[in-house]
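# Remarks on the overall topology
Spelled out, the chains give:
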Amino acid sequence: MHLAHLRLRDFRNYARLDAEFSPGFHLLLGDNAQGKTNILEAIYLLATLRSFRGVGGAQMVRHDHKGYFVGARVVGQGTRQIRMYWSATERQLSLDGQPVRRLSDYLGVLRAVVFCTEDLQLVKGPAARRRRFLDLLLSQTHPTYLPLLQRYTAALRSRNALLKQSLVDAMAFDSFTQELVSVGNQIIALRRELVPRLSPLARLAYRRIANDAEELKLAYQPSVKTDFAIELAASRARERSYRMTLVGPHRDDLALMLNDQPAAQFASEGQKRTLAIALKMAQAEYVTGLHGTPPVLLIDDVMGELDVRRRSGLLPLLERSHQASGQVFMTCTEENWPRELGRRLQRWIVSAGSLRAVDSAPTP
Amino acid sequence: MSALPEPLVDLMAALGRLPGIGPRTAERLALHIVQADPAEVDRLATALTTARLRVKACERCGALTEAQPCALCTDDRRDASLLCVVERPVDVLLLDKTGVFRGRFHVLGGKLSPINGVEPEDLRIRELELRLTAEPIREVVLALPTDVEGDATSSYLARRLAPRGVRVTRLAHGLPAGTGLEFADELTLSRALEGRRPLD
């Protein structure tokens, strides 16, 4: 699958942009604050309907303008036309000229995996970051996961509200507990199924990038050890003093182990960066395995953080993706773009909200 | 400072408090009313106050009615041993329109919602229990919404009514009738799969 055409109107610093992209490797070069990442953001927005920078629609509208438009032609199994308009009062999303009624009909038309400096928080940050990583991957690959998760969150909020009351109606409490347990168990089962499939992919990616013998292992660490209902009941006394639900998938973690030691504590800075990229690589491989076509890879400013050895391990991984008619977009500043990647790539110069193709002749 | 006459502004504010009416619609309706034939506006005003005065909740089942108790509660042709519990008065109309359910109704007036502070005492559950004692009810059919709060309310009622020995059932989850599978979302389909049953 690849993005063949991108059209932006009043999106971030782009007044208007129309660009054709072939499958393969695209390098977006430019100084800081010229709009390199905004292109990746627009592509990610088309794929997931959200910004990977974690902002709402208003921040993506060009300064002093009413709304943004993002359009695309995606070539996968057939050609699809996406048009998206956002303003404070109006939202439109259409696929091949038809308004999109259900998100599940839309998601999957374009799949993308983003690599950015924020990914380091997957290793260093709190468990919530890793839960979100699992949640995002399961939502991309398992159509019933997102509604389950929303249901779980609703049940959890209700149950916590009951725990905050001074006098808890035992029967009402049991009813919401029953909801929490039945939905929670399905979430646990899906996460438990996913992690062992992801772990070997991450291990392989890590080994290729780091090019050394460290063994990466991912392990699902569920908050619930054996039986959700029993463990909830056992935590009642503590729940009463904390006034919130202390056991359940909302407390799960994904353990990242390097040579059987927790990476957050024992890994070096370089190892942590490598690990973050390996997780994203594993995500891309997993999605490829399920759907048969690689997702579009969006790589934002990651190369500058890796030493030469790790860069030379990562680049072949990225190059592989366009062998299967995949597509990679990578942002770089003039100074640190990977010149070792000279062959067969399309370079683009990004400056002040415009995009210009540069002859793709190999650089000496 | 508004250039509009004060009564018109008041009318717009009052209309804007109605459900589903935003500021634009409120303005359009208000402008229409102040320019309409006075007799027509009079009829509207009378209809509003009369409807509000004469339509009440049925003391027995909670559905909207003019007579006490309502026609559904006094209709002898209805099966008095079957009682269907719903969330809102409008749900009674929806179920009655099917023509399949020939029992009686009971409106809870809401669902358990700890987040919005709705507790069992705020729902018409006491009234339900009184009816179970007073009427020859053998089966209670729960027809509540299937979101978290609706399902929790269903299981709450099942627990609370259990000691009374009355049969408690709930509506099935499943496919919309008369359509292809493509019209069901994934969660509905997976629930329909779980609730499959043999053909006989």
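Here the residue index of a chain counts from 1 through its sequence in written order. Whichever chain is written first becomes A and whichever ligand is written first becomes 1, with later ones labelled in order. pLDDT decides what is reported in this predicted model: residues at 70 or higher carry local features, side-chain atom pairs at 80 or more are listed and counted, and totals for whole chains, interfaces and linings draw on all residues regardless. Only hydrogens and water are removed before side-chain values are computed, so all heavy atoms of the structure are retained for them.

## Comments concerning the overall build of chain A
Counting its secondary structure elements, chain A contains 11 helices and 15 strands. To get the radius of gyration, use the C-alpha atoms; to get the globule rule, take the number of residues to the power 0.38 and multiply by 2.2 Å. Scaling as 2.2 N^0.38, a compact globule of 364 residues should have a C-alpha radius of gyration of about 21 Å, and chain A matches this with 22 Å. Projected onto its principal axes, the C-alpha positions of chain A cover 70 × 55 × 35 Å. Residues are treated as being in contact if the distance between any of their heavy atoms lies within 4.5 Å. Summarising the internal contacts of chain A: among those between residues at least 6 apart in sequence, 68% fall at separations of at least 24. Only four residue types enter the tally: Lys and Arg on the positive side, Asp and Glu on the negative side; His and the chain ends are excluded. A charged residue contributes its charge at one atom only: NZ of Lys, CZ of Arg, CG of Asp or CD of Glu. Each charge sign in chain A was given a centre, from 50 positive and 36 negative side chains, and these centres are 3 Å apart. Here a helix means four or more residues in a row that DSSP labels H or I, a strand means two or more in a row labelled E, and each is numbered from the N terminus.

## Quick notes on the pairing of strand S5 (residues 139-142) of chain B
Residues and elements named next belong to chain B. What you see with S5 is no split at all: Glu-139 and Val-141 on one side and Val-140 and Leu-142 on the other are buried throughout. Strands were regarded as paired on the criterion that DSSP finds at least two bridges between them. Summarising the sheet, strand S3 (residues 79-86) and S5 pair through 4 bridges and their orientation is parallel. Residue pairing across strands places Cys-84 opposite Val-141, the latter belonging to S5. Inspection of the sheet shows S5 paired to strand S6 (residues 167-170) by 4 bridges, in the parallel sense. The residue bridging Val-141 from the neighbouring strand is Thr-169, located in S6. At this point the chain moves from S5, through helix H7 (residues 148-161), to the parallel S6, and the crossover so formed is right-handed. Each residue's exposure class comes from its accessible area (1.4 Å probe, protein chains only) as a fraction of the maximum for that residue type: buried when under 20%, exposed when over 50%, partly exposed otherwise. With its strands directed away from the observer, a crossover is right-handed exactly when the path from the first strand over the helix to the second travels clockwise.

## Some words on the nonpolar core
Side chains that are nonpolar tend, in soluble globular proteins, to be buried together. Among buried residues, the Ala, Val, Leu, Ile, Met, Phe, Trp, Tyr and Cys ones that are joined through side-chain atoms within 4.5 Å form a nonpolar core. By size, the foremost hydrophobic cluster in this structure holds 90 residues, and its most contacted members are Leu-218, Leu-275, Leu-297, Leu-318 and Met-330 of chain A together with Leu-157 of chain B. Setting aside residues no more than four positions away along its own chain, Leu-157 of chain B makes contact with Val-85, Leu-108, Ile-125, Leu-128, Leu-142 and Leu-144 of chain B. If you look at the next biggest cluster of nonpolar residues, it comprises 42 residues, including Leu-8, Leu-17, Ala-42 and Tyr-68 of chain A.

## Describing the packing of helix H5 (residues 145-164) of chain A against helix H6 (residues 170-210) of chain A
All names here are of chain A. The angle between two axes is taken between their N-to-C directions and runs from 0 to 180 degrees, where each axis is a line fitted to C-alpha atoms and a helix contributes only its stretch in contact. Where H5 meets H6, the axes come as close as 9 Å, and the angle between the chain directions of the two elements is 145°. The handedness of the crossing between H5 and H6 is left-handed. Contact with H5, carried on its side by Tyr-145, Leu-148, Leu-149, Arg-151, Tyr-152, Ala-155, Leu-156, Ser-158, Arg-159, Leu-162 and Leu-163, involves Ala-172, Phe-173, Phe-176, Thr-177, Glu-179, Leu-180, Val-183, Gly-184, Gln-186, Ile-187, Leu-190 and Arg-191 of H6 and no other residues of that element. Residues are grouped as follows: Ala, Val, Leu, Ile, Met, Phe, Trp, Tyr, Cys and Pro are nonpolar; Asp, Glu, Lys and Arg are charged; every other residue, Gly included, is polar. When grouped by side-chain class, the residues that make up the contact of H5 with H6 number 15 nonpolar, 4 polar and 4 charged. Rotating anticlockwise by less than a right angle from the far helix to the near helix defines a left-handed crossing, while the corresponding clockwise rotation defines a right-handed one.

## Focus on the confidence of the model for chain B
Confidence of the predictor in every single residue is expressed as pLDDT, which spans 0 to 100. Of the residues in chain B, 99% have a pLDDT of 70 or more, and the chain-wide mean is 92. What the predictor reports for the complex is a pTM of 0.84 with an ipTM of 0.80.

## Regarding the interface of chain B and chain A
Counting residues at the interface gives 24 residues for chain B and 21 residues for chain A. Interface area, chain B with chain A, both sides summed: about 1900 Å², of which 63% is carbon and sulfur. When two components associate, each loses some accessible surface as probed by a 1.4 Å sphere; the sum of these losses over both components is called the buried area. Area buried by chain B at its contact with chain A is led by Pro-114, Val-148 and Arg-159 of chain B, which between them contribute 33% of it. The term salt bridge refers to a pairing of a side-chain nitrogen on Lys or Arg with a carboxyl oxygen on Asp or Glu at a separation within 4 Å. Counting the contacts that link chain B with chain A gives 1 salt bridge. Salt-bridge contacts for Asp-151 of chain B lead to Arg-151 of chain A; the nearest nitrogen and oxygen are separated by 2.5 Å. Throughout this description, a polar contact denotes any pair of N or O atoms lying within 3.5 Å of each other; where both atoms belong to protein, one of them has to be capable of donating a hydrogen while the other can accept it, and for residues adjacent in sequence the pair is counted only when both atoms sit in side chains. For the interface between chain B and chain A, the tally reads 6 residue pairs in polar contact (both at pLDDT 80 or more). Taken together, the elements giving at least two residues each to the side of chain B that touches chain A come down to H7 and helix H8 (186-194) of chain B.

## A word on the packing of aromatic side chains
Residue and element names in this part refer to chain A. Stacked, tilted and edge-to-face are the three classes applied to pairs of Phe, Tyr and Trp rings, where Trp contributes its six-membered ring and a pair requires centres within 6.5 Å; stacked means planes under 30 degrees apart, edge-to-face means over 60, and tilted covers the rest. Counted according to the given criterion, the structure contains 6 aromatic pairs over all chains. For the pair Tyr-68 and Trp-86, a centre-to-centre distance of 6.1 Å together with 15° between the ring planes defines the contact as stacked. Of the two residues, Tyr-68 sits in strand S4 (residues 67-76) while Trp-86 sits in strand S5 (residues 78-87), which places them 18 residues apart along the sequence. Accessibility classification places Tyr-68 together with Trp-86 in one group, the buried group.

## Digging into the sheet that holds strand S10 (residues 253-258) of chain A
Strand pairing within a sheet occurs via backbone hydrogen bonds; the two strands may be parallel or antiparallel. All names here are of chain A. Spatially, the 3 strands line up as an open sheet ordered S9-S10-S11, and their pairing is antiparallel. Since the sheet does not close on itself, it has two edges, and those belong to strand S9 (216-221) and strand S11 (261-262), each with one partner. Of the strand pairs in this sheet, S9 and S10 are connected by 6 bridges, and their pairing is antiparallel. The partner of Leu-218 across the bridge, within S10, is Leu-256. This element, H6, spans S9 and S10 of the sheet and lies at about 170° to S9.

## Comments concerning a nonpolar patch on the surface
All names here are of chain A. Each patch groups residues whose relative accessible area exceeds 30% and which form no salt bridge, using 9 Å between like charges and 5 Å between nonpolar side chains of Val, Leu, Ile, Met, Phe, Trp and Tyr. The Shrake-Rupley method, run with a 1.4 Å probe, gives the accessible areas here. Residue values count only the displayed protein chains as cover. Taken together, the side chains of Leu-49, Leu-103 and Leu-107 make up a nonpolar region of the molecular surface, amounting to roughly 230 Å² of accessible area. Inspection of the secondary structure puts Leu-107 in the loop between helix H2 (103-106) and strand S8 (112-115). Looking at Leu-107, the relative accessible area reads 38%, which means it is partly exposed.

## Observations regarding the pattern of salt bridges
Within this structure, the stated rule accounts for 32 salt bridges over all chains. Of the charged contacts in the structure, one is a salt bridge between Asp-18 of chain A and Arg-9 of chain A, with a shortest N-O distance of 3.1 Å. Between Glu-215 of chain A and Arg-203 of chain A there is a salt bridge, and its shortest N-O distance comes to 3.5 Å. Placement of the pair is Glu-215 of chain A in the loop between H6 and S9 and Arg-203 of chain A in helix H6, with a sequence separation of 12 residues. By relative accessible area, Glu-215 of chain A is classed as partly exposed at 33%. Given the relative accessible area of 30%, Arg-203 of chain A is considered partly exposed. One network of salt bridges, in which partners are shared, links Arg-151 and Glu-179 of chain A together with Asp-151, Arg-170 and Arg-191 of chain B.

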